Number of protein chains: 2
Amino acid sequence: MKVPIVENVLKINDEMAAMNRRTLQDACVFTIDVIGAPGCGKTALIEATLAACRDDPTRFGVIVGDLATDRDATRLARQCQHVVQINTGKGCHLDANQVRQAVAQIELDAIDVLFIENVGNLICPVGFDLGQDVKVGVFCVAEGDDKAAKHPYLVQEADLLLLNKIDLLPHVPFDLEKLQADVERLNPGVDLLQVSVSDSGLEKWLPWLRDRIAAAISNRASIAQA
Amino acid sequence: MKVPIVENVLKINDEMAAMNRRTLQDACVFTIDVIGAPGCGKTALIEATLAACRDDPTRFGVIVGDLATDRDATRLARQCQHVVQINTGKGCHLDANQVRQAVAQIELDAIDVLFIENVGNLICPVGFDLGQDVKVGVFCVAEGDDKAAKHPYLVQEADLLLLNKIDLLPHVPFDLEKLQADVERLNPGVDLLQVSVSDSGLEKWLPWLRDRIAAAISNRASIAQA
């Protein structure tokens, strides 16, 4: 039996991601793909970020992926008007086509920054470009200090790494220097910022985010003028 | 362009898993597939179990899956003579063929119980039969109380669920009744045992394990006599 050759799934995804990137950049939306394990605190971190930036001029949107339930979208909708939930069923990552469909449900003129909270998984989301500007990898203290070494591809691909739930450090065995050394070996120079969802826990992450947003907006403004 | 049809990956996996199951059952090895998110404490739990059962007549083997490193195998080898590490590269789950190759490296006459510690991932490992007797799903308190609802397929497939790191309960927001209600709705009657790697933290899990091991061994002995 013969069937037509199925084109490379990743190649199709890459083409779709390039379209997303163009759509989002044309609309001057800075897009952040947030990747981390189940329960590392991705939703809580985005929630706290939205709350902390409530008085900023920046307007946020969020696309959130999960196998099932709209719990994360419901949580985030309290902080943000532009939230779309993608339920992937048994799918272990978001792909560019799902993001394309979700982006179509967002009024892009009404936002400046789009968080894409990927499905909780340290592996498969790394390989699928969504059209984001940056990838932020999230580890958490409760997961143990070996996660960078065990998930080298995420570390290598990330533009920024966050170590969340830093407030749990006194309660779990964790060698911070070991994690830092693994990160530095895998992606020299990448920032690994310690965070938690308390107010003081965001004080390293928020300046990084605001700098990146300002740079992206000014860069696009100068391109538009040229 | 035409290519020969590629057979269903899951069908091939199921056939291979059936072979593994026969091999392991013929050798009277009771096999447990341990599935949980990165950092939920799978390795620590197996480590503590091996230590607690040191004086039992039961002899253990462990196959452990990770993208990279042999850190888990090194840890487990301190407690157990029969440990095989599988590095999956970018692979997000173990498959039956990988387990077949790992089983071939273990002297099956020398063990009674085989733990298969799957790659840290709540999604993809659920769909791949490895030839195990039972699947044990591991959540942990630090992940939050919504993980059963968000990962319904693991809950539905599990023969037992463990809630690990119960000692962190005072330090994180967690509604135990909410998790219990989600589990009961998705898989009525399945046990959800609270555990931690302290000595008292295993007192619900060890009797479950010892009962199952005894039942499996007596069941196989009676089949052999028949």
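For clarity, every value in this text was computed on a predicted model and none was experimentally measured. (Residues numbered from 1 in each chain as written. Chains lettered and ligands numbered in written order. Predicted model: local features only at pLDDT ≥ 70, side-chain atom pairs only at ≥ 80, totals over all residues.)

Quick notes on the overall build of chain A
In plain terms, the rule: Strands are runs of DSSP state E lasting at least 2 residues, helices are runs of H or I lasting at least 4, and numbering of each runs from the N terminus. Three exposure classes are used. Buried residues have 20 or more other C-beta atoms within 10 Å of their own C-beta, exposed residues have 12 or fewer, and partly exposed residues fall in between, all C-beta atoms being placed from the backbone. With C-beta atoms placed from the backbone, a contact is any residue pair whose C-beta atoms sit within 7 Å.
Across its full length, chain A holds nine helices and eight strands. With respect to the three principal axes, the spread of C-alpha positions in chain A is 55 × 55 × 40 Å. A buried classification covers 48% of the 226 residues belonging to chain A. Counting only contacts in chain A whose residues sit at least 6 apart along the sequence, the fraction spanning at least 24 positions is 76%.

Considerations on the interface of chain A and chain B
On the chain B side, the residues contacting the 34 residues of chain A number 34 residues. At the level of secondary structure, the elements contributing two or more residues to the side of chain A that touches chain B comprise strand S1 (2-4), helix H5 (124-127), helix H6 (147-150) and helix H7 (152-157) of chain A.

Overview of helix H1 (residues 9-26) of chain B
All names here are of chain B. Spelled out, the test is: Helix span, as expected, comes to 1.5 Å for every residue beyond the first.
End to end, H1 covers 26 Å across 18 residues, agreeing with the expected 26 Å (1.5 Å per residue, within 8%). Among the structural elements, strand S2 (30-36), helix H4 (96-103) and strand S5 (113-117) are those in contact with the buried residues of H1. Downstream of H1 by a residue or two, Cys28 has a phi angle that is positive, lying close to 60 degrees.

Section: the sheet that holds S5 of chain B
All names here are of chain B. Note the threshold: When DSSP finds at least two bridges between two strands, those strands are taken to pair. A fitted line through C-alpha atoms represents every axis, and for helices the fit uses only the stretch in contact; the resulting angles, taken between N-to-C directions, go from 0 to 180 degrees.
Spatially, seven strands are ordered S4-S3-S5-S2-S6-S7-S8 in an open sheet, and the strand pairing comes out parallel. Strands with a single pairing partner mark the edges of an open sheet, and in this sheet they are strand S4 (82-87) and strand S8 (192-194). Looking at each pair of strands side by side, their axes are set apart by 20 degrees on average, direction ignored. Sheet topology note: the strand S3 (residues 60-66)/S4 ladder contains six bridges and is parallel. Counterpart to Val64 in the pairing with S4 is Gln85. Sheet contacts for H4: S3, S4 and S5; angle to S4, the most-contacted strand, approximately 145 degrees.

A few points about unusual backbone geometry
The backbone of Cys28 of chain A shows a phi angle near 55 degrees, a positive value even though the residue is not glycine. Tracing the backbone through its elements, the reader meets Cys28 of chain A in the loop between helix H1 (9-26) and strand S2 (30-36).

Re the environment of Leu160 of chain B
All names here are of chain B. Along the chain, Leu160 turns up in strand S7 (residues 160-164). Among the residues examined, Leu160 registers 18 C-beta atoms within 10 Å and is labelled partly exposed. Here the alpha-carbon distance between Leu160 and Leu114, two residues 46 residues apart in the chain, equals 16 Å. When residues no more than four places from it in sequence are discounted, the contact partners of Leu160 are Val134, Val136, Val190, Asp191, Leu193 and Trp208.

Quick word on helix H4 (residues 96-103) of chain A
All names here are of chain A. Here is the rule: This arc is built from the directions going out from the helix axis to the C-beta atoms.
All of the buried residues in H4 are Ala96, Gln98, Val99, Ala102 and Val103. Seen end-on, H4 carries its buried residues on one side only, within an arc spanning 155 degrees. On its buried face, H4 sits against H1, strand S3 (60-66), strand S4 (82-87) and strand S5 (113-117).

Some remarks on the relation of the copies chain A and chain B
For clarity, the cut-off: When the copies are overlaid, the least-squares fit takes in C-alpha atoms only where the residue has pLDDT of at least 70 in both copies.
Mapping chain A onto chain B calls for a rotation angle of 180 degrees and an axial translation of 0.0 Å; the resulting RMSD is 0.0 Å. What the superposition gives is, in effect, a two-fold axis relating one chain to the other. Same-surface contact between copies: 100% of interface residues of chain A are shared with the interface of chain B.

A look at the packing of H1 of chain B against H4 of chain B
All names here are of chain B. Short version of the rule: In what follows, roughly perpendicular refers to angles from 65 to 115 degrees, roughly parallel to angles under 35, roughly antiparallel to angles over 145, and oblique to any angle outside these ranges. A crossing counts as left-handed when the near helix is turned anticlockwise from the far one by less than a right angle, and as right-handed when that turn is clockwise. All residues other than Ala, Val, Leu, Ile, Met, Phe, Trp, Tyr, Cys, Pro, Asp, Glu, Lys and Arg, Gly among them, are scored as polar; the first ten of these are nonpolar and the last four charged.
At a minimum axis distance of 8 Å, the contact between H1 and H4 shows a crossing angle of 30 degrees. Here H1 is positioned roughly parallel relative to H4, judged by the angle of their axes. Considering the relative orientation of H1 and H4, their crossing is left-handed. In this structure, H1 contributes Asn13, Met16, Ala17, Met19, Asn20 and Thr23 to the contact, and H4 contributes Ala96, Asn97, Val99, Arg100 and Val103. Classifying every residue of the contact of H1 with H4 by side-chain character gives six nonpolar, four polar and one charged.

Quick look at the environment of Arg71 of chain A
With respect to the helices and strands, Arg71 of chain A occurs in helix H3 (residues 71-77). Among all residues touching Arg71 of chain A, those that are not within four sequence positions of it are Asp146 and Ala149 of chain B.

Section: the sheet that holds S3 of chain A
Residues and elements named next belong to chain A. With parallel pairing, the seven strands of this open sheet are ordered in space as S4-S3-S5-S2-S6-S7-S8. Taken across any chain shown, the strands that pair with only one partner, and hence form the sheet edges, are S4 and strand S8 (192-194). Within this sheet the neighbouring strands show an average axis-to-axis angle of 20 degrees, counted without direction. Where S2 lies against strand S6 (residues 134-140), five bridges are found, and the strand directions are parallel. The residue bridging Val34 from the neighbouring strand is Val136, located in S6. This element, helix H9 (residues 205-225), spans S2, S5, S6, strand S7 (160-164) and S8 of the sheet and lies at about 145 degrees to S2.

Topic: the pairing of S5 of chain A
Side-chain direction in a regular strand flips from residue to residue, so the side chains alternate between the two faces of the sheet. Residues and elements named next belong to chain A. Along S5, five of the five residues are buried, which leaves the element largely enclosed by surrounding structure. Across the two faces of S5 the burial is the same, with Val113, Phe115 and Glu117 and Leu114 and Ile116 all buried. The pairing of S2 with S5 spans five bridges and is classified as parallel. Bridge pairing in S5 links Thr31 to Leu114.

Regarding the environment of Asp145 of chain B
Residue and element names in this part refer to chain B. With respect to the secondary-structure elements, Asp145 resides in the loop between strand S6 (134-140) and helix H6 (147-150). The exposure class of Asp145 is buried, given the 21 C-beta atoms found within 10 Å. Along the backbone, Asp145 and Asp159 are 14 residues apart, and their C-alpha atoms lie at a distance of 20 Å. Discounting residues that sit within four places of it in the chain, Asp145 has contacts with Phe174, Asp175, Lys178 and Leu179.

Considerations on the confidence of the model for chain A
Residues and elements named next belong to chain A. This is how it is decided: Note: pLDDT gives the predictor's confidence per residue, expressed from 0 to 100.
Averaged over every residue, the pLDDT of chain A is 93; the share at 70 or more is 97%. In the model, residues 1-6 has pLDDT below 50 throughout and makes seven contacts with residues more than four positions away in sequence or in other chains. Here the predicted complex carries an ipTM of 0.92, next to a pTM of 0.94.

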